[in-house]
Amino acid sequence: MQIVYLRDQIIAKWNNSNRYSFGKPFIFTGSGKLLFQKFSGDNLYLCAKIKKMTKTEALAILHSRTSGVPFEALEFLSAHPYDEDIEDKIIFHLDNAYDERIAVLNQSLPNLPLWYAILAETHASERMVPSVINLFTTSDSPDWDLLDEQGLFLVGMLSEKYPEKVTSFLDAIEKQVSKKSNAPYLFLYDSIYFAEDIVHGEQISRLLSNPDTGWKPLLAVHVAERRLLSCRSEVQKLHESCLSHTQKGTNENLIREELQYALELFDDKTHEPGCYFRQRGNWKTHYQSAEQLFEEENPMLANIFNNVGRNDHCPCGSGKKFKNCCLKK
């Protein structure tokens with residue numbers, strides 16, 4: 001499709017998908033003015049006066065899109081200069097991704113926390129670390145694969161960008177272990193790809209030796225891929241405790257094989273660590289390949305109904321009381 005720009009006008013061709021194409025970062029909105037239309041053969045051409053997308057419009061798209069992926073709005077907001085309001089909204093929606101009261105208000109917007117988790121990639125800050133941790137330390141949280149995957153990306157990204165925060169992720173894991181939590185804190189293990197032996201080795205060894213630590217084979221593989229040599233003896237002990245489990249097809253044998261694999265990785269200098277953050281690639285390309293999933297992906301909280309108090313802060317993040325904000329909508 002060929003698009004021709006004429007100052008503040010644009011000629012767009014009607015394509016086979018019955019969509020107009022208007023050149024980014026522009027959108028054709030209700031306030032745009034259609035100047036003329038022209039048929040040429042089987043093609044319909046439009047010439048319209050358009051306006052540049054604003055932050056307010058882009059945010060409105062996120063809060064009104066009920067199907068598909070709002071790529072245009074996400075691209076605009078991702079390229080937007082640092083903005084404390086955007087940062088605050090990201091933190092709010094990560095903190096409240098599994099909040100029952102907010103799920104009630106956002107029943108028609110099941111992927112709203114995911115959109116803000118995507119924006120966190122280009123608006124990352126240290127303030128977001130506790131919010132990302134919260135995604136994976138909420139007990140009995142539903143399986144929400146797309147948000148879990150995006151959160152996993154953020155764990156790696158924040159660990160690389162703020163190395164001192166690796167300790168915060170490890171502290172969160174230890175806290176979950178001490179509580180014998182059923183939260184999916186295994187996603188926080190990706191912070192280990194950015195751990196330093198001299199700084200974090202002792203803490204990670206404690207996790208390996210703690211009988212209450214979950215997903216130990218996975219933890220051991222992460223440790224070995226990072227080549228945290230001070231932790232090798234603990235991985236060796238775990239492997240030795242499983243040597244008698246050799247019956248094929250049993251879970252115990254699978255654990256033994258995984259621990260054996262971890263021990264081998266310590267010496268394999270050609271192996272590339274399986275860090276999701278470094279493997280996934282560009283967010284837009286990734287979600288374009290998964291776009292069909294968004295017809296089905298919904299949070300597990302969609303059918304939970306609780307009331308938000310009239311004088312509570314509105315769950316939309318405006319800072320206003322509920323009665324003065326979304327209660328009126």
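Visitor: Sorry, what's going on with the overall build of the chain here?
Guide: In terms of helices and strands, the chain carries 14 helices and six strands. Within the chain, residue pairs in contact and separated by at least 24 positions form 68% of the contacts whose partners lie at least 6 positions apart. For the chain, the computed accessible surface area is about 17500 Å², with 49% contributed by carbon and sulfur atoms.

Visitor: So what exactly am I meant to see when it comes to the packing of aromatic side chains here?
Guide: Working definition: an aromatic ring pair is given by the centre-to-centre distance plus the angle between the planes. For the structure shown, the criterion picks out seven aromatic pairs. With a centroid separation of 4.9 Å and 80° between ring planes, the pair formed by Tyr185 and Trp215 is classed as edge-to-face. Taken together, the positions of Tyr185 in the loop between helix H8 (166-178) and helix H9 (197-209) and Trp215 in the loop between H9 and helix H10 (216-226) put the pair 30 residues apart, joining distant regions of the chain. Trp215 sits in the partly exposed class, given a relative accessible area of 37%. Members of the aromatic cluster, joined through ring pairs, are Phe153, Phe194, Tyr276 and Phe277. The ring of Phe153 carries the charged tip of Arg280 above its face, separated from the ring centre by 3.8 Å.

Visitor: Whenever I open this one, unusual backbone geometry confuses me. Can you help?
Guide: Excluding glycine, residues mostly have negative phi values, and the peptide bonds linking residues are mostly trans. Located in the positive-phi region is Lys180, a residue other than glycine, with phi close to 50°. Residue placement: Lys180 occurs in the loop between H8 and H9. Owing to a relative accessible area of 62%, Lys180 belongs among the exposed residues under this scheme. With a phi angle near 55°, Arg227 is a residue other than glycine that sits in the positive phi range. By secondary structure assignment, the location of Arg227 is in the loop between H10 and helix H11 (232-240). According to the relative accessible area criterion, Arg227 is partly exposed, its value standing at 26%.

Visitor: Mind showing me how you'd approach the nonpolar core here?
Guide: One broad rule of soluble globular proteins: the nonpolar side chains tend to lie buried together. Core analysis: the biggest nonpolar cluster contains 79 residues, and Leu62, Trp115, Leu188, Ile204, Leu208 and Val223 have the highest contact counts within it. If one sorts the elements of this core by residue count, helix H7 (residues 145-161) sits on top with eight residues.

Visitor: For this particular structure, what's the right way to read the packing of helix H3 (residues 84-95) against helix H5 (residues 112-119)?
Guide: Relative orientation and spacing of two packed helices are given, respectively, by the angle between their axes and the distance between those axes. At a minimum axis separation of 9 Å, H3 and H5 run at an interaxial angle of 135°. By the angle between their axes, H3 is oblique relative to H5. Viewed along their axes, H3 and H5 form a crossing whose handedness is left-handed. For the pair formed by H3 and H5, the contact residues are Lys89, Ile90, His93 and Leu94 on the first element and Leu112, Pro113, Tyr116, Ala117 and Leu119 on the second. Across the contact of H3 with H5, the residue classes tally to seven nonpolar, one polar and one charged.

Visitor: For this particular structure, what's the right way to read the packing of H9 against H11?
Guide: Look at H9 against H11: their axes get within 9 Å of each other, and the N-to-C directions meet at 10°. When the interaxial angle is binned, H9 and H11 end up roughly parallel. Contacts between H9 and H11 involve Ser205, Leu208 and Ser209 from the first element and Glu234, Val235 and Leu238 from the second. By residue class, the composition of the contact of H9 with H11 is three nonpolar, two polar and one charged.

Visitor: I tried to follow H11 on my own but got confused; where do I start?
Guide: Because an α-helix packs 3.6 residues into every turn, residues spaced three or four apart end up facing the same way. Listed in full, the buried residues belonging to H11 are Glu234, Val235, Leu238 and His239. Along the axis of H11, the buried residues cluster in a sector spanning 140°; they form a single face. In this structure, the buried side of H11 is in contact with H9, H10 and helix H12 (251-265).

What counts, and where the lines are drawn
Residues numbered from 1 in each chain as written. Predicted model: local features only at pLDDT ≥ 70, side-chain atom pairs only at ≥ 80, totals over all residues. Heavy atoms only, no water. Helix = DSSP H or I, 4+ residues; strand = E, 2+ residues; numbered from the N terminus. Contact = heavy atoms within 4.5 Å. Areas by Shrake-Rupley, 256 points an atom, 1.4 Å probe, with all protein chains shown as cover. Phe/Tyr/Trp six-rings, centres within 6.5 Å; stacked < 30°, edge-to-face > 60°. Buried < 20%, exposed > 50% of the residue type's maximum accessible area, 1.4 Å probe, protein only. Lys NZ or Arg CZ within 6 Å of the ring centre and 35° of its normal. Core = buried A, V, L, I, M, F, W, Y, C linked by side-chain atoms within 4.5 Å. Axes fitted to C-alpha atoms, helices over the stretch in contact; angles between N-to-C directions. Parallel < 35°, antiparallel > 145°, perpendicular 65-115°, else oblique. Left-handed = near helix turned anticlockwise from the far one by under 90°. Nonpolar A, V, L, I, M, F, W, Y, C, P; charged D, E, K, R; others polar. Arc of directions from axis to C-beta.

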